[in-house]
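In case you want the letters, here they are:
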Amino acid sequence: GRLVYGNYGRQEDLDFVQGRVDLKGSVLLLRAGNITFAQQVDNAARMGASAVLIYLDTKDYNLVTDTELYGHVHLGSGDPYTPGFPSFNHTQFAPTESAGLPKIPAQTITANTAAALLRLETLQLKQAAFNRRHACSIKDAEELLLF
């Protein structure tokens, strides 16, 4: 899906973005913070996003931009397949739907990767705007400019 920046992924953030861009099928790029990863992913799934990428923003955290981010997106505690019970051999597993696991994939990325994705998305948006105005591709435009 299309990359869409969704700030922290709070409901109010996604409502704001949804008012401007259709989130259905999009890949949301979210800053870590304010709410848990699990809440971010759950909010994104309820808005129709297809996946979530979460990164540490250097405006929020004093860190090196290639710092790895770790966490989980389970909406619950303990083993998601045996909520409230230890996981032993021959344990009855709860239905996956009630396990608190996300319905869409989520991945943490570095701030460097997030910046690169935003630059790429910006270039693609500029190319699309150029194509609409001039009815040609960037390759066509480069060839025209060479002569």
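A brief look at the structure comes next. (Residues numbered from 1 in each chain as written. Predicted model: local features only at pLDDT ≥ 70, side-chain atom pairs only at ≥ 80, totals over all residues. Heavy atoms only, no water.)

This part takes up the packing of aromatic side chains. All chains considered together, the criterion is met by zero aromatic pairs. Above the face of the Phe16 ring, Arg20 is positioned so that its terminal group lies 3.7 Å from the ring centre. (Phe/Tyr/Trp six-rings, centres within 6.5 Å; stacked < 30°, edge-to-face > 60°. Lys NZ or Arg CZ within 6 Å of the ring centre and 35° of its normal.)

By the element assignment, Gly100 lies in the loop between β3 (51-55) and β4 (106-109). Put simply, Gly100 and Gly76 are 24 residues apart on the chain and 5.9 Å apart in space, counted from C-alpha to C-alpha. Those residues in contact with Gly100 that sit more than four places away from it in its chain are Val73, His74 and Leu75. (Helix = DSSP H or I, 4+ residues; strand = E, 2+ residues; numbered from the N terminus. Contact = heavy atoms within 4.5 Å.)

Attention shifts here to unusual backbone geometry. Positive phi, normally seen in glycine, also occurs at Asn7, with a value near 55 degrees. Considering the arrangement of structural elements, one finds Asn7 in the loop between β1 (3-5) and α1 (11-18). Its identity is not glycine, yet Asn34 carries a phi of approximately 70 degrees, on the positive side. Following the sequence through the fold, Asn34 ends up in the loop between β2 (27-31) and α2 (37-46). Among the residues examined, Asn34 registers a relative accessible area of 56% and is labelled exposed. (Buried < 20%, exposed > 50% of the residue type's maximum accessible area, 1.4 Å probe, protein only.)

Below, the discussion takes up the pairing of β3. Within a regular strand, side chains alternate between the sheet's two faces. In terms of residue burial, β3 counts as a mostly covered element, since five of its five residues are buried. Side-chain alternation along β3 places Ala51, Leu53 and Tyr55 on one buried face and Val52 and Ile54 on a second face that is also buried. Sheet topology places β2 next to β3; five bridges connect them, and they run parallel. Its bridge partner being in β3, Val27 is matched across the sheet by Ala51. A crossover connection joins β2 to the parallel β3 through α2; in handedness this β-α-β unit is right-handed. Alignment of β3 against β4, held across four bridges, turns out to be parallel. Its bridge partner lying in β4, Val52 is registered against Ala106. (Pairing = 2+ DSSP bridges. Right-handed = clockwise from strand over helix to strand, strands pointing away.)

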